[in-house]
Amino acid sequence: NNVRMSMEIIFIFALATGRTLVLPPDIKLYLLSKGNGNKFKGFADFFPLHTDGFKKRVPVITMDEFLQREGGASGRVPLPKNETLKSIISKAATHCENREKSERSCMVIYKFMEESGAFPTFRAQDGCVVFDNDAYNGIAVSRKSQASAEYFCGERNITYIDKQFQEPVLIHFHANDKKYRLLTHYYSMIHFTDPVVDNYMKRFVRDFLHYHDKIYCAAGKIVKALQVEGKKRGFTVDDEGGGGYSAMHIRRGDFQFKKVKLPAKIWLNNTKEMWKPKEIIYIATDERNKTWFNPIARHYDVRFLDDYWDFASLGELDPNYMGMIDTIVASRARAFAGTWFSTFSGYINRMRGYHGMSMKDSWYSFLPRKTAVHEWNHIDHYAYAYEWPTGWVGIDADVAPNRDVF
């Protein structure tokens, strides 16, 4: 999910500036190198980036295609004359390794891209980016637009995108560098002073930057199975096709935020009033030891992704899809409780928002932040621990949404 957040930001830039987006070489993505097949993955393995509808909005080419077009001696981004470097970059264009001395080193091709184009220096940690028509055309920004930008950005450094930003042939985002890591939500970092454009960009993310159909189809089978079982217990499905069961996302594994890695008994105590008697609770998790969940299972009927392995033909899919399937299934639940600081839980809440579900039916197990999404607060600072309705409420309109209803 952290990689997805960077991807969304970069795709918004490509759409807003009308540029062709060059996909990075496939790499071994964190937590997405499971199975015996190809370990090198890219965005297009999980998102439908090559459909006609997508390409009408953002033309997309691979790094290999880009270098074939522009990397020649007469191209706009010629490869180095040094044969060793040229060989490494050419090999790394399809898939690269995070090792300096590899014959297909990611570091070498990233450095080449950085040196060949412009390198934006705004940062997610302390910066925000504003698209304003007047600023772009070198005209003084109106008081209304300036106030809008300052309200959005707070004390962060404001970068207005102007024509000078568009001058370089190549703009390279160095998002793999910790200093320039784009670990935030696009709607928290990028602001369009025109609400018509702002909402259009948010619809683009919702309607086009979603998982592949194979992932949704498998998740849909599980959602339907849970709802059939729920209906037999007297639970109903809402008009949008959600509900009939509830869900938790329990992040464990190598999660760095130790204070929110709660024991199962604490999870139960902190969330027990959310669940209804006889209700099925679907648990999305990276914890493989099912006995860990016994304190919860003693009180509720719990279900896991593995319970639907044969039913949804999960063994026929890329094993790296499983977490994404978990996300979708959890997003359709009547009520949801997530893990604070987890961008996985955050994305589940955003998807619930896309489905039209109230954030009043979402909670966190960490008591200090249990009802964090029950209020739509104005976020004008660096944030990534959770998601908030700015990303989904009212985005089908041409005006800024009313914060009183969400």
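These figures come from a predicted structure and were not determined experimentally. (Residues numbered from 1 in each chain as written. Predicted model: local features only at pLDDT ≥ 70, side-chain atom pairs only at ≥ 80, totals over all residues. Heavy atoms only, no water.)

Asks: Describe the environment of Lys360, with residues and values.
Replies: The residue Lys360 is located in the loop between helix 15 (343–354) and strand 10 (362–364) in this model. Judged by relative accessible area, Lys360 falls into the partly exposed class, the value being 43%. For Lys360 and His185, which are 175 residues apart along the polypeptide, the C-alpha to C-alpha distance reads 21 Å. (Helix = DSSP H or I, 4+ residues; strand = E, 2+ residues; numbered from the N terminus. Buried < 20%, exposed > 50% of the residue type's maximum accessible area, 1.4 Å probe, protein only.)

Asks: Let's hear about the state of the cysteines: which residues, and what values?
Replies: Enumeration according to the criterion identifies two disulfides in this entry. The connectivity of the disulfides in the chain is 1-2, 3-4, where the numbers refer to bonded cysteines in sequence order. (Disulfide = S-S within 2.5 Å.)

Asks: Provide a residue-level description of the nonpolar core, including the pertinent values.
Replies: With 109 residues, the main nonpolar core has Phe11, Phe13, Phe204, Ile222, Tyr282 and Ile325 as its most contacted residues. If you tally residues by element for this core, the top one is helix 1 (residues 2–17), at nine residues. In this view, Phe13 contacts Phe122, Val129, Phe131, Ile161, Phe165, Phe173 and Ile190; residues no more than four positions away in its chain are not counted. Ala264, Trp267, Ile283 and Tyr300 belong to the second largest nonpolar core, which has 19 residues in total. (Core = buried A, V, L, I, M, F, W, Y, C linked by side-chain atoms within 4.5 Å. Contact = heavy atoms within 4.5 Å.)

Asks: An account of unusual backbone geometry is needed here, citing residue identities and associated values.
Replies: Of note, Ser313 is a non-glycine position whose phi angle comes to about 55°, a positive value. The phi torsion at Phe341 lies on the positive side, around 80°, for a residue other than glycine. Positionally, Phe341 belongs in the loop between strand 9 (336–338) and helix 15.

Asks: Requested: an account of helix 7 (residues 143–153), with residues and values cited.
Replies: One turn of an α-helix holds 3.6 residues; hence residues three or four places apart share an orientation. Within the sequence span of helix 7, burial applies to Ser145, Ala149, Phe152 and Cys153. Each buried residue of helix 7 sits inside an arc of 85° when the element is viewed along its axis, so together they form one side. Projecting away from the buried face of helix 7 at angles above 90 degrees are the exposed residues Arg143 and Lys144. On its buried face, helix 7 sits against strand 3 (127–131), strand 4 (157–160), helix 9 (186–189) and strand 5 (190–192). Immediately beyond the C-terminal end of helix 7, within one or two residues, lies Gly154, with a positive phi of roughly 60°. (Arc of directions from axis to C-beta.)

Asks: Could you give an account of the environment of Phe165, with specific residues and numbers?
Replies: Secondary-structure assignment places Phe165 in helix 8 (residues 163–166). Each C-alpha atom of the pair Phe165 and Asn320 lies 37 Å from the other, and the pair is 155 residues apart in sequence. Phe165 has contacts with Phe13, Thr17, Arg19, Pro120, Phe122 and Ile171, leaving out every residue within four places of it along the chain.

Asks: How would you explain the packing of aromatic side chains if you had to name every residue and give the values?
Replies: Each aromatic ring pair is specified by the distance between its two centres and by the angle formed by the two planes. A full pass over the atoms with the stated rule returns 25 aromatic pairs. Between Phe13 and Phe122, the aromatic rings sit 5.5 Å apart at their centres with planes inclined by 10°, giving stacked as the arrangement. Of the two residues, Phe13 is situated in helix 1 and Phe122 in the loop between helix 5 (106–116) and strand 3; the sequence distance between them amounts to 109 residues. Given the relative accessible area of 3%, Phe13 is considered buried. Note on Phe122: relative accessible area 10%, which makes it buried. On the numbers, 5.4 Å between centres and 40° between planes, the contact of Phe47 with Tyr211 is tilted. You can see Phe47 sitting in the loop between strand 1 (21–23) and helix 2 (52–57) and its partner Tyr211 sitting in the loop between helix 10 (195–208) and helix 11 (213–232), a full 164 residues away along the chain. Among the aromatic residues, those joined into a ring-pair cluster are Tyr186, Tyr187, Phe255, Phe257, Trp340, Phe341, Tyr364, Tyr386 and Trp388. Note that Arg4 overlies the ring of Tyr347, its terminal NZ or CZ placed 3.7 Å from the centroid. Stacked on the ring of Phe304, the Lys or Arg Lys290 has its end atom at 4.9 Å from the ring centre. (Phe/Tyr/Trp six-rings, centres within 6.5 Å; stacked < 30°, edge-to-face > 60°. Lys NZ or Arg CZ within 6 Å of the ring centre and 35° of its normal.)

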